Amino acid sequence: ATSYMAGILIQDLLGLNVTYTVAAGQVESYMSVAGCATPNNSSDRGCGPEGPSVTYQHVQMESWHGSYPAAWAETQKFATAPKLLGSMGYDGYEDMYFSSRELEAAYEAEGLALDFWTGFDSTWKEPWKYFDQPSAVNRSDLKPCSNTNLYNDLLMSAYLSASGDTAGVVVQPDGKVVANCPGDGYFW
């Protein structure tokens, strides 16, 4: 949404022509903005031995680059290297829930971008291979669902409305929507 909003402003206020390109993940976005001809091809990005001489992709609105320092460093060798121009006002951390070791392993093994929601499409890939099984978690370190936001009716109703994930929630007899925490009452 941010890209489209910026595109509208650039087009309407500056009079520039705006087109949009979708990249498969963060590394592909780097390569696209740097001018590589085939940024989505992980075996040959099309950057050439001397790097690209021209780029037709000029702006990436969000950059979750903390997990790919080697890819960022590679693009910085090009004459067409992308530049970080600052924050749009909100910062986040893509490694909040798993380490860069898993991110890099999945990406290097099969081009699986675990820092992008499409990387978790189990129809095409097996993202679970890069994580421990739930049994590896010490349950004494967890709170039961009923003591967390997973039992917050407002939040879980919003989740259900946005996702349509009827298997992920339970509508209680009083009408409140809570997370589906089967069996022992913990979210696995």
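This section reports on the structure supplied with the text. (Residues numbered from 1 in each chain as written. Predicted model: local features only at pLDDT ≥ 70, side-chain atom pairs only at ≥ 80, totals over all residues. Heavy atoms only, no water.)

1. Remarks on the pattern of salt bridges
Here comes step 1: For the structure on display, the rule yields five salt bridges.
Here comes step 2: The partner of E102 in a salt bridge is R101, with the nearest N and O atoms 3.0 Å apart.
Here comes step 3: Among the residues examined, E102 registers a relative accessible area of 15% and is labelled buried.
Here comes step 4: A salt bridge links R139 to D184, with the nearest nitrogen and oxygen atoms 2.7 Å apart. Here R139, found in the loop between helix 4 (100–110) and helix 5 (153–163), pairs with D184, found in the segment after strand 2 (177–179); they are 45 residues apart in sequence, far enough to count as distant. (Salt bridge = Lys/Arg side-chain N within 4 Å of Asp/Glu carboxyl O. Buried < 20%, exposed > 50% of the residue type's maximum accessible area, 1.4 Å probe, protein only. Helix = DSSP H or I, 4+ residues; strand = E, 2+ residues; numbered from the N terminus.)

2. Brief notes about the side chain of T80
Here comes step 1: Position of T80 among the secondary structure elements: in the loop between helix 3 (69–75) and helix 4.
Here comes step 2: Within the local environment of T80, its side chain forms a polar contact with the backbone oxygen of A34, the two atoms lying 2.4 Å apart.
Here comes step 3: Apart from residues lying up to four places away in sequence, T80 is in contact with V33, A34, P52, S53, V54 and T55. (Polar contact = N/O pair within 3.5 Å; in protein donor to acceptor, adjacent residues only side chain to side chain. Contact = heavy atoms within 4.5 Å.)

3. Remarks on the packing of aromatic side chains
Here comes step 1: In the structure shown here, the tally under the stated rule is two aromatic pairs.
Here comes step 2: With a centroid separation of 4.3 Å and an interplanar angle of 40°, the aromatic rings of Y4 and Y20 are classed as tilted. Of this pair, Y4 sits in helix 1 (residues 2–14) while Y20 sits in the loop between helix 1 and helix 2 (26–34), placing them 16 residues apart in sequence.
Here comes step 3: Taking the centre distance of 5.1 Å and the plane angle of 70° together, the rings of Y30 and W72 count as edge-to-face. Here Y30 is found in helix 2, whereas its partner W72 is found in helix 3, with 42 residues between them in sequence. (Phe/Tyr/Trp six-rings, centres within 6.5 Å; stacked < 30°, edge-to-face > 60°.)

4. A few points about the side chain of T55
Here comes step 1: Within the fold, T55 resides in the loop between helix 2 and helix 3.
Here comes step 2: One polar contact links the side chain of T55 to the main-chain amide nitrogen of G35, over a distance of 3.4 Å.
Here comes step 3: In this structure the side chain of T55 is engaged in a polar contact, spanning 3.0 Å, whose partner is the backbone oxygen of Q57.
Here comes step 4: Those residues in contact with T55 that lie beyond four places of it in its chain are S32, V33, A34, G35 and T80.

5. Regarding the state of the cysteines
Here comes step 1: Applying the stated rule across the entire model yields two disulfides.
Here comes step 2: Here C36 pairs with C47 through a disulfide, and the sulfurs are 1.9 Å apart. Given an S-S torsion of about 100°, the disulfide between C36 and C47 has right-handed geometry. With C36 in the loop between helix 2 and helix 3 and C47 in the loop between helix 2 and helix 3, the pair connects residues that are 11 residues apart, well separated along the chain.
Here comes step 3: Across the disulfide from C145 sits C181; the S-S distance is 1.9 Å. Around the S-S axis, the bridge from C145 to C181 shows a dihedral of about -95° and counts as left-handed. One end of the pair, C145, is in the loop between helix 4 and helix 5; the other, C181, is in the segment after strand 2, and 36 residues separate them in sequence.
Here comes step 4: Looking at C145, the relative accessible area reads 2%, which means it is buried.
Here comes step 5: Given a relative accessible area of 12%, C181 falls into the buried group.
Here comes step 6: Ordering the disulfide-forming cysteines of the protein by sequence position, one finds them joined as 1-2, 3-4. (Disulfide = S-S within 2.5 Å.)

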